[in-house]
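Here are the chains, one letter per residue:
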Amino acid sequence: MSTKVNGRVHTIGTPQRKSDKLTIQEVWIETTDGKFTEVPPIQFVNDKAELIKNLRVGDEVEVGVNLRGRVWNDKCFVSLNGWTISLKTQPEPATDFPF
């Protein structure tokens, strides 16, 4: 199932090498509906991690995600896998000047 997540980059994780064929890097996206704020982690797997190499915390983005779920040992695991990302705006650089 595909959907889009719009929000601000909250955290950019470090790449996690799970095996010779699997590397995962997470980006946490802060979203709000005006009442509640959510921060879902979106994982970028293998070559899709290249899509986030130029991201910065605070960037406004739209992420195309696939909702994944599986059962293992009678437990259900759910993940959001990022497959596209587009930058909406970048945060203004911090300055030391009050004007």
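Details of the structure are given in the entry above.
These lines cover the structure that appears in this document, whether it is placed above or below. (Residues numbered from 1 in each chain as written. Predicted model: local features only at pLDDT ≥ 70, side-chain atom pairs only at ≥ 80, totals over all residues. Heavy atoms only, no water.)

At Asn 73, a position not held by glycine, the phi torsion is positive, near 50 degrees. For Asn 73, the location among the structural elements is in the loop between β6 (60–72) and β7 (75–89). With a relative accessible area of 56%, Asn 73 lands in the exposed category. (Helix = DSSP H or I, 4+ residues; strand = E, 2+ residues; numbered from the N terminus. Buried < 20%, exposed > 50% of the residue type's maximum accessible area, 1.4 Å probe, protein only.)

Right, let's talk about the environment of Asn 6 for a bit. With respect to the helices and strands, Asn 6 occurs in strand β1 (residues 2–12). On the basis of relative accessible area, Asn 6 is assigned to the partly exposed category, the value being 36%. With 23 residues separating them along the chain, Asn 6 and Ile 29 place their C-alpha atoms 7.8 Å apart. Aside from chain neighbours lying at most four places away, what touches Asn 6 is Ile 29, Glu 30, Thr 31, Val 61, Glu 62 and Lys 88. Of note is the side chain of Asn 6, whose polar atom sits 3.1 Å from the side chain of Lys 88. (Contact = heavy atoms within 4.5 Å. Polar contact = N/O pair within 3.5 Å; in protein donor to acceptor, adjacent residues only side chain to side chain.)

Glancing now at the pairing of β6. Pairing between β1 and β6: seven bridges, direction antiparallel. Of the residues in β6, the one forming a bridge with Asn 6 is Glu 62. Sheet topology note: the β6/β7 ladder contains 13 bridges and is antiparallel. Its bridge partner being in β7, Glu 60 is matched across the sheet by Thr 89. Connecting β6 to the antiparallel partner β7 that follows it, the hairpin turn spans two residues, and Asn 73 within it adopts a positive phi of roughly 50 degrees. (Pairing = 2+ DSSP bridges.)

Function cannot be read off these values alone, since they describe shape.
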